[in-house]
Amino acid sequence: MLSINTLDDGLHRKAGQGTCGAPLTCETVMPDTTQRFDVAISGASFAGLALARALETAFGSDIRIAVIDRSPRKQAAAADARAFALSAGSRRMLETLGIWPAIASEAEAVHEIEITDSSLEAGIRPILLKYDNRLEEDGEPASHIVPAPVLERALYDSVASAPGVKFLVPCEIAEFADTGARMTIALRDGDRIACSLLVGAEGRRSASRDGAKIKTVGWRYGQTAIVTTIAHERPHGGRAIQHFLPAGPFAILPLPANRSCLTWTEDADAAAHILARDDRGFLDEVETRVAGRLGAIEIAGPRQSWPLEMHLARAYVAPRFALVGDAAHGVHPIAGQGVNLAFRDVAALSEIVVDTLRLGLDPGSMEALGRYEKWRRFDSFASAAAFDGLNKLFSNDATLLRAARDFGLGLVDRLPGLKRHLVSEAAGLTGELPRLFKSERL
């Protein structure tokens, strides 16, 4: 096993240093821990499970990983209506980690993307931009649509019985402290553990981020995301459709077996009205937006909603602590890139941790974690700013602005080189790529 630095049995710390709960006094002494790990991950989220798999794949039973989560399993996962547009880079990571075979049969390749921009009442919805969604070099799809429960199940199953991974569930962190040579963690059930590195992966409401005293900056949009699944008469042909409406984007994402996931953004008040309608009324709202593209349709899954907001952590790391996924950045879903940003975090952090451990160095050192923050923070900030700008540009019905953006979309439609660049960007294959995004093992 990769060794964790040891400390004296008596672990002292100053008042209020890095706690999740009430601050300890300077006289508090934390007793010796009974369980020691190399890495502890707070949150069995998509990012948290993927990180555990990446580290376990590199070291097997030679690494000890704790996954701390409030539930034994994502109890509500089966009812999760979301679907993700996994980029080619994310798919390559999942293939390299041996996870993709459990997903492939329930994923749908996106071969073509159409973008329209008109009011909801418009009788004609002209296609302003259409492009082939395959990579130029090998014809590989730039994205696949994957239902959230399928992704969660595959990630969980990949580490559920791994000898190097221990699930501490149902469990929460009460407080933690960097003692210099390791992180000590007190759990709410009274147990204590220690690790070289603690990773916050709980999602947008990250308790460990708060415990590390990392602030966020962000705002609410006054919009609500609505998601459901439909079955339809006509085949979708692997085509994803993004229709920009004044309240926000309406996306039709193809799924296997003549089904599609609908993801759309509405003004919060309008969304409350739509969600309050009965099944027939809700289907009427959907039919108005689908506009006959797919023939007869019916609702084939639960409807879900959540308020939209953007946030960015002011720092991604602290001594012996790192953030990944939505704990570090919550972005507008207009481009469907949230989970891909999370997987880029995972690929970058796991690469740094693996390389550091193989050199016999400390993965919780600020030198190692500083490299992770430098690698991921600017990319996350740039992506969040771009998605925020797109939402502001398209979520309105100003005549002059609509004319300008429609002209811009039409111009892009006539520039094949720019289209190819957009496909590469969406595929997650630009910039400084982690090895896992290049199909290289750690």
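Refer to the structure presented above.
Residues numbered from 1 in each chain as written. Predicted model: local features only at pLDDT ≥ 70, side-chain atom pairs only at ≥ 80, totals over all residues. Heavy atoms only, no water.

Details of the sheet that holds strand β9 (residues 143-147)
Spelled out, the test is: The pairing criterion is simple: DSSP has to find at least two bridges between the two strands. For the purposes of this entry, the term helix denotes a DSSP run of H or I that reaches at least four residues, the term strand denotes a run of E that reaches at least two, and both are numbered from the N terminus.
If you trace the 3 strands from one edge of the open sheet to the other, you get β5-β9-β6, paired in antiparallel fashion. The open sheet has two edge strands with one neighbour each: β5 (83-87) and β6 (108-109). With 2 bridges connecting them, β6 and β9 associate as antiparallel partners. Note that in β9 the partner of glutamate 108 across the bridge is isoleucine 145.

A look at the side chain of threonine 116
To keep it simple, the criterion reads: Only heavy atoms matter for contacts: two residues are in contact if any of them lie within 4.5 Å across the pair.
Checked against the element boundaries, threonine 116 lands in strand β7 (residues 112-117). Setting aside residues up to four positions removed in sequence, threonine 116 forms contacts with Arg125, Pro126, Ile127, Gln242, His243, Phe244 and Arg293.

Structural notes on the nonpolar core
Most often, soluble globular proteins have nonpolar side chains that are buried together. Convention followed: We call a set of buried residues a nonpolar core when its members are Ala, Val, Leu, Ile, Met, Phe, Trp, Tyr or Cys and they connect through side-chain atoms within 4.5 Å of each other. Remark: exposure states derive from per-residue accessible area (1.4 Å probe, protein chains only) relative to the maximum for the residue type, with buried under 20%, exposed over 50%, and partly exposed in between.
The biggest cluster of nonpolar side chains holds 120 residues, and the ones touching the most others in it are Met93, Leu94, Ile103, Leu151, Ile185 and Phe343. It is helix α7 (residues 338-358) that contributes the most residues to this core, 12 residues altogether. Counting 16 residues, the second-largest nonpolar core is a separate cluster that includes Ile230, Ala271, Leu294 and Ile297.

Describing the environment of alanine 403
By the element assignment, alanine 403 lies in helix α9 (residues 399-413). In this structure the C-alpha to C-alpha distance between alanine 403 and aspartate 117, which are 286 residues apart in sequence, comes to 9.9 Å.

Description of unusual backbone geometry
With omega at -15°, the peptide bond leading from valine 169 into proline 170 counts as cis. Here proline 170 lies in the loop between β10 (165-168) and β11 (173-178). Here the phi dihedral of alanine 257 falls at roughly 65°; this positive angle occurs in a residue that is not glycine. Among the secondary structure elements, alanine 257 is positioned in the loop between β16 (248-255) and β17 (259-267). Although it is not a glycine, serine 439 sits at a positive phi angle of roughly 65°. In this structure, serine 439 sits in the segment after α10 (416-426).

Everything listed is a geometric property; what it means functionally is a separate question.
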